[in-house]
Amino acid sequence: MHTETESAEQTEDVAAELAARLGRGDVVLVSGDLGSGKTTFVRGAARALGVEGAVTSPTFTIGQVYAGRGLEVAHLDLYRLPTLGAEDPALLEDYLTSDRIGFVEWPGTPGAAFERVAARVRLEHLGGDRRRVEVE
Ligand code: ADP
Ligand code: MG
């Protein structure tokens, strides 16, 4: 399924629709160039799951955990992690537990493998505020 959005709010709405179909243990991989709207998408989904505070890409860690409505939401950004060493997959699993819903920006890092992938989201710039949002 793909759609075109014309604002960050519309991308957040698409994310909220996906969030309504997610359950504990689900992981969503979110790909796309810098500024394409990955964090915006995660924010929309997190809001729909009851997260109220700031949702921004983690800067000094690979991930953070937010309190949602009755469950936790994990948000990882692997941009600064060029490759995964031997012990790093376990590090990812520390965030992506079976009782949380997880979102991963830049999931293409070599060595990264994700279990329980419920959806793959791809964002593309279409000029100005327009984005192509594909949810698979
Ligand atoms: P990424 O995490 O992919 O680097 P961000 O979500 O941090 O991207 O940033 C996307 C930027 O583009 C934000 O400033 C957002 O407000 C803006 N923006 C404008 N139009 C859209 C749109 N249609 N969808 C998502 N973001 C948009
Ligand atoms: Mg981001």
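Given the structure is predicted, the values throughout are model-derived calculations rather than measurements. (Residues numbered from 1 in each chain as written. Chains lettered and ligands numbered in written order. Predicted model: local features only at pLDDT ≥ 70, side-chain atom pairs only at ≥ 80, totals over all residues. Heavy atoms only, no water.)

1. Here we look at the coordination of the magnesium ion (ligand 2)
Then, in step 1: Protein-derived coordination of the magnesium ion (ligand 2) comes from Thr-39 (OG1), Ser-57 (OG) and Glu-105 (OE), at a distance range of 2.2 to 2.7 Å.
Then, in step 2: Read in sequence order, the donor residues coordinating the magnesium ion (ligand 2) give the pattern T-x17-S-x47-E. In this pair, Ser-57 is assigned in the loop between α2 (38–48) and β3 (63–67) and Glu-105 in strand β5 (residues 100–105), connecting sequence segments 48 residues apart.
Then, in step 3: Since its relative accessible area comes to 23%, Ser-57 is described here as partly exposed. (Donors = N, O, S within 2.8 Å, 3.2 Å for Na, K, Ca; no water. Helix = DSSP H or I, 4+ residues; strand = E, 2+ residues; numbered from the N terminus. Buried < 20%, exposed > 50% of the residue type's maximum accessible area, 1.4 Å probe, protein only.)

2. Considering the packing of helix α1 (residues 8–19) against α2
Then, in step 1: As a packed pair, α1 and α2 sit with axes 7 Å apart at the nearest point and diverge in direction by 50°. By the angle between their axes, α1 is oblique relative to α2. Along this stretch, α1 crosses α2, giving a crossing that reads as right-handed. Between α1 and α2, the contacting residues are Ala-8, Thr-11, Glu-12, Val-14, Ala-15, Ala-16, Leu-18 and Ala-19 on the first element and Thr-40, Phe-41, Arg-43, Gly-44, Ala-45 and Ala-48 on the second.
Then, in step 2: Here the residues of the contact of α1 with α2 sort into nine nonpolar, three polar and two charged. (Axes fitted to C-alpha atoms, helices over the stretch in contact; angles between N-to-C directions. Parallel < 35°, antiparallel > 145°, perpendicular 65-115°, else oblique. Left-handed = near helix turned anticlockwise from the far one by under 90°. Contact = heavy atoms within 4.5 Å. Nonpolar A, V, L, I, M, F, W, Y, C, P; charged D, E, K, R; others polar.)

Fair warning: the whole summary comes from geometry, so function is off the table for now.
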